[in-house]
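What the coordinates show
The lines below spell out each chain.
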Amino acid sequence: QVQLLESGGGLVQPGGSLRLSCDASGSVLSAFAMGWYRQAPGKEREFVARITGGDSTDYAASVKGRFTISEDNAKKTVYLRMNNLKPEDTAVYYCYARVVTGPVHDYWGQGTQVTVSS
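In this numbering scheme, every chain counts its residues from 1 along its sequence in written order. Given that this is a predicted model, residues contribute local features only at a pLDDT of at least 70 and side-chain atom pairs are listed and counted only at 80 or more, while totals for whole chains, interfaces and linings are drawn from all residues. To get the side-chain values, all heavy atoms of the structure are used, and hydrogens and water are removed first.

A word on the overall build of the protein chain. Looking only at helices and strands, the protein chain has 0 helices and 11 strands in total. When the elements of the protein chain are put in sequence order from the N terminus, they spell out β-β-β-β-β-β-β-β-β-β-β. Taking 118 residues into account, the globule formula puts the C-alpha radius of gyration at 13 Å, and the protein chain, at 14 Å, falls close to it. Taken along the three principal axes of its C-alpha coordinates, the protein chain extends 45 × 30 × 25 Å. Relative to its 118 residues, the protein chain shows a buried fraction of 42%. Any two residues having at least one pair of non-hydrogen atoms within 4.5 Å are treated as being in contact. Long-range pairs, those at least 24 residues apart, make up 54% of the contacts in the protein chain between residues at least 6 apart in sequence. As displayed, the protein chain offers around 6200 Å² of accessible surface, 48% of which is attributable to carbon and sulfur atoms. Charge-centre separation for the protein chain: the mean point of 12 positive side chains lies 3 Å from the mean point of 11 negative side chains. Under the scheme used here, helices are H or I runs from DSSP no shorter than 4 residues and strands are E runs no shorter than 2 residues, and both carry numbers assigned from the N terminus. Computation of the radius of gyration draws on C-alpha atoms, with the globule rule given as 2.2 Å multiplied by the number of residues to the power 0.38. The rule is simple: take the accessible area with a 1.4 Å probe, protein chains only, and divide by the maximum for that residue type; under 20% is buried, over 50% is exposed, in between is partly exposed. Accessible areas in this description were obtained via Shrake-Rupley with a 1.4 Å probe; residue shielding takes into account the shown protein chains only. We score Asp and Glu as negative and Lys and Arg as positive, and we do not count His or the chain ends. Working definition for charges: the position is that of NZ of Lys, CZ of Arg, CG of Asp or CD of Glu.

Set out below in structure tokens:
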């Protein structure tokens with residue numbers, strides 16, 4: 001079992017920055033990947049970024065070059081540094097962990113709101 005808790009969301013002006021954090025507990029060391037999705041009002045949940053157990057990273061084209069995903073040394077916290085934020089980045093951001101023990105299990109945090117507005 002994995003528990004995830006996001007923090008760091010808030011209101012920021014266009015061009016500003018935020019850092020989201022996701023604190024993980026439970027069987028996190030078995031995670032195949034951890035990362036972030038987001039969901040804006042009226043839209044489907046979309047992939048943002050992920051980092052694998054081998055520290056390989058992947059980003060959605062819309063955020064590449066602006067967002068950076070990283071982990072602490074113990075891999076208990078995943079971060080999403082968001083720079084040069086745009087109004088279209090406004091969404092609820094969800095942390096996830098994918099655990100592969102034969103079957104695939106995905107775990108999700110409760111989400112944190114990011115609003116980009118002047």
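Before going further, it helps to spend a moment on the state of the cysteines. Note that a disulfide, as used here, is simply two cysteine sulfur atoms within 2.5 Å. Using the criterion set out here, one finds 1 disulfide in the structure. With its sulfur 2.0 Å from that of its partner, Cys22 forms a disulfide with Cys95. What sets the handedness of the Cys22 and Cys95 disulfide is the S-S torsion sign, and at about -80° it is left-handed. Pair noted here: Cys22 is in strand β3 (residues 18–26) and Cys95 is in strand β9 (residues 91–100), with a separation of 73 residues, a long-range link. A relative accessible area of 0% places Cys22 in the buried class.

Take the packing of aromatic side chains next. Aromatic contacts are taken between Phe, Tyr and Trp rings whose centres are within 6.5 Å, Trp giving its six-membered ring; a plane angle under 30 degrees counts as stacked, one over 60 as edge-to-face, and the others as tilted. Applying the stated criterion across every chain, the model contains 4 aromatic pairs. Seen in terms of ring centroids, Tyr37 and Tyr96 are 5.2 Å apart; in terms of plane orientation they differ by 75°. Their pairing is edge-to-face. With Tyr37 in strand β4 (residues 31–39) and Tyr96 in strand β9, the pair connects residues that are 59 residues apart, well separated along the chain. Accessibility expressed as a relative area gives 6% for Tyr96, which makes it buried. The exposure class assigned to Tyr37 is partly exposed, which follows from its relative accessible area of 23%. Every member of this aromatic cluster is reached through a ring pair, and the members are Tyr37, Phe47, Tyr96 and Trp108. Geometrically, a charge over a ring is one whose NZ (Lys) or CZ (Arg) sits within 6 Å of the ring centre while staying within 35 degrees of the ring normal. Cation over ring: Arg45 sits above Tyr94, and NZ or CZ is 3.9 Å from the ring centre. Sitting over the face of the ring of Trp108, Arg45 holds its NZ or CZ atom 4.8 Å from the ring centroid.

Bringing the pairing of strand β7 (residues 67–71) into the picture now. Look at any regular strand and the pattern is simple: side chains alternate between the two faces of the sheet. Covered by surrounding structure in β7 are Phe67, Ile69 and Glu71 only, the residues Thr68 and Ser70 on the alternate face being uncovered. Here, any two strands with at least 2 DSSP bridges between them count as paired. Two strands pair when backbone bridges link them, and β7 and strand β8 (residues 77–82) are joined in this way by 5 bridges, in the antiparallel orientation. Across the sheet, the residue bridging to Phe67 is Met82, located in β8. Remark: 5 residues form the turn of the hairpin made by β7 and β8, two consecutive strands paired antiparallel; Lys75 in that turn has positive phi of roughly 55°.

A word on the pattern of salt bridges. The term salt bridge refers to a pairing of a side-chain nitrogen on Lys or Arg with a carboxyl oxygen on Asp or Glu at a separation within 4 Å. Across all of its chains, the model carries 5 salt bridges by this definition. Arg38 is the salt-bridge partner of Glu46, the closest N and O atoms lying 2.8 Å from each other. Overall, Arg38 belongs to the buried group, its relative accessible area being 5%. With a shortest N-O distance of 2.8 Å, Arg66 and Asp89 are connected by a salt bridge.

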